[in-house]
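Inside the fold
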Amino acid sequence: MLRQRGGHEASLLSVSVSAVHTSTSMSLQQRCLYTHSLVLVVTLLLLTATSGDSDAVQNIITAVLGHSVTFRCPLNHSTPVDGLYIQRVQNDKPDEFINGFYIGRPVTVSSEYWDRTKVNETELSVEMRNISVSDEGLYKCVVIINKKPKISMILLKVTAEYSVPTIMKDCSKPGDGGAGKSCQLSCSAVGGYPQSTVRWTGLNQSLTNVIYNRSSADNESKTWTINQTIMHNCDQPANISCAVGGAVSHTITICETESFPSVVIAAITVVFVFLFLLLIFVVVMKYFFRGRQTSVTGYEAPGAGEFGDSSNDCHLQLQRLKDGDETLRRLSSFCQAEVL
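Cut-off values and rules
Each chain carries its own residue numbering, running from 1 in the direction its sequence is written. A pLDDT threshold of at least 70 governs which residues receive local features in this predicted model, and a stricter bar of 80 or more applies before side-chain atom pairs are shown or counted, although totals over entire chains, interfaces and linings include all residues. Excluding hydrogens and water, the side-chain figures rest on all heavy atoms present in the structure. UniProt positions are given in the numbering used here, feature names are shortened, and annotations may be inferred rather than shown by experiment. Only DSSP runs of H or I with at least four residues qualify as helices, and only runs of E with at least two residues qualify as strands; both kinds are numbered from the N terminus onward. The contact rule is simple, with two residues in contact once any of their heavy atoms fall within 4.5 Å. With residues, only the protein chains shown are counted as cover, and all accessible areas are computed by Shrake-Rupley using a 1.4 Å probe. Each Phe, Tyr or Trp ring (for Trp, its six-membered ring) is paired with any other whose centre lies within 6.5 Å, and the angle between the two planes then decides the class: stacked below 30 degrees, edge-to-face above 60, tilted in between. Accessible area is worked out with a 1.4 Å probe on protein chains only. A residue is then buried under 20% of its type maximum, exposed over 50%, and partly exposed in between. One requirement defines pairing of two strands: DSSP has to find at least two bridges between them. Simply put, an axis is a line fit to the C-alpha atoms, just over the touching stretch for a helix, and the angle between two N-to-C directions goes from 0 to 180 degrees.

The name an unreviewed UniProt entry assigns to the protein is Cell adhesion molecule 1-like isoform X1, from the organism Carassius auratus. Listed in UniProt under the heading Subcellular location (unreviewed entry), the comment for the protein reads: "Cell membrane".

When its secondary structure is counted, the protein shows six helices and 16 strands. In the protein, 59% of the contacts between residues at least 6 apart in sequence involve partners at least 24 apart. When the accessible area of the protein is evaluated, it comes to approximately 21500 Å², of which 57% is carbon and sulfur surface.

What follows deals with the packing of aromatic side chains. Tallied over the full model, the rule gives two aromatic pairs. Here F71 and Y139 contribute two aromatic rings whose centre-to-centre distance is 4.8 Å and whose plane-to-plane angle is 50°, an arrangement assigned as tilted. Within this pair, whereas F71 is found in strand β2 (residues 69-72), its partner Y139 is found in strand β7 (residues 137-145), the two being separated by 68 residues in sequence. Judged by relative accessible area, which is 1%, F71 ranks as buried. For Y139, a relative accessible area of 0% gives the class buried.

What follows concerns the sheet that holds strand β5 (residues 117-120). Strand order across the open sheet formed by three strands is β2-β6-β5, with antiparallel pairing between neighbours. Looking at which strands have only one partner, the edges of the open sheet turn out to be β2 and β5. Here the average twist between neighbouring strands, direction ignored, is 20°. Judged from the four bridges that link them, β2 and strand β6 (residues 125-128) form a sheet pairing that is antiparallel. Bridging from a neighbouring strand, F71 pairs with V126 of β6.

Okay, here's the thing in structure tokens:
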């Protein structure tokens, strides 16, 4: 059994080493992500190999940053146990006691875990609250049955969701149908764990070049901030978005074709509105002055073509003569000459 398990572990280690060799062709950021996961797996394999005949069981659990997680040891609950405790495995230090119980014996819990952990003797589990990135790693679950320890290994992985990525664009002036146009696109997200990369949706990768790529971890929380800026050469309009971890930005449109500049359209609209209002003003003023002249004279002034009508018309106009009106006085002299 030991020989079979040893051969299985050797094959896993061989695959891991081969994977490391393959990762040399990756980008620096991808290799960092790959190495982080690889170290956890290899460490788990090495610790499992040194656990002897303890029937070690490999178990992986995931906790969200700031939330809680429960360590449960894989065993038959119908079997009475003498005790259970969780230890933190540290490569260069002795295992660190987290919490647990032993029937008939008191246990001492360090101040770091006293307020953060809670033992459930009925369910044979230990709950850890307010998870931080530093809690990530390997743990040893020890169950005492008939005064003999039964050990299993638990790998705790911590995750934190990134903020909704901020996406921005800065596009050059459009040419004919977008020809020669390019867009500088930026995507950034904060507060996530583990380290991630920017993924673009809706872009033609053959027309895209990365001009800035930076990831940084906060000294206190150990969470990551991801930034990337790319240059995209337009060939057609596209709706794009970016994602970091499981967070996705809103969608924006780039490389859109502008058939006529919006500024020119706005200027033409203003001119037409001005001319329309001016026309309305002229018409209103014309009717206003015409109506005012009619109300003052009591009649509508005749045009040049109206002088020289029949004598009957002149007599009718003479009857409407008013003293002091110069216009009617001239009309009266003309009509008298016609009657005579």
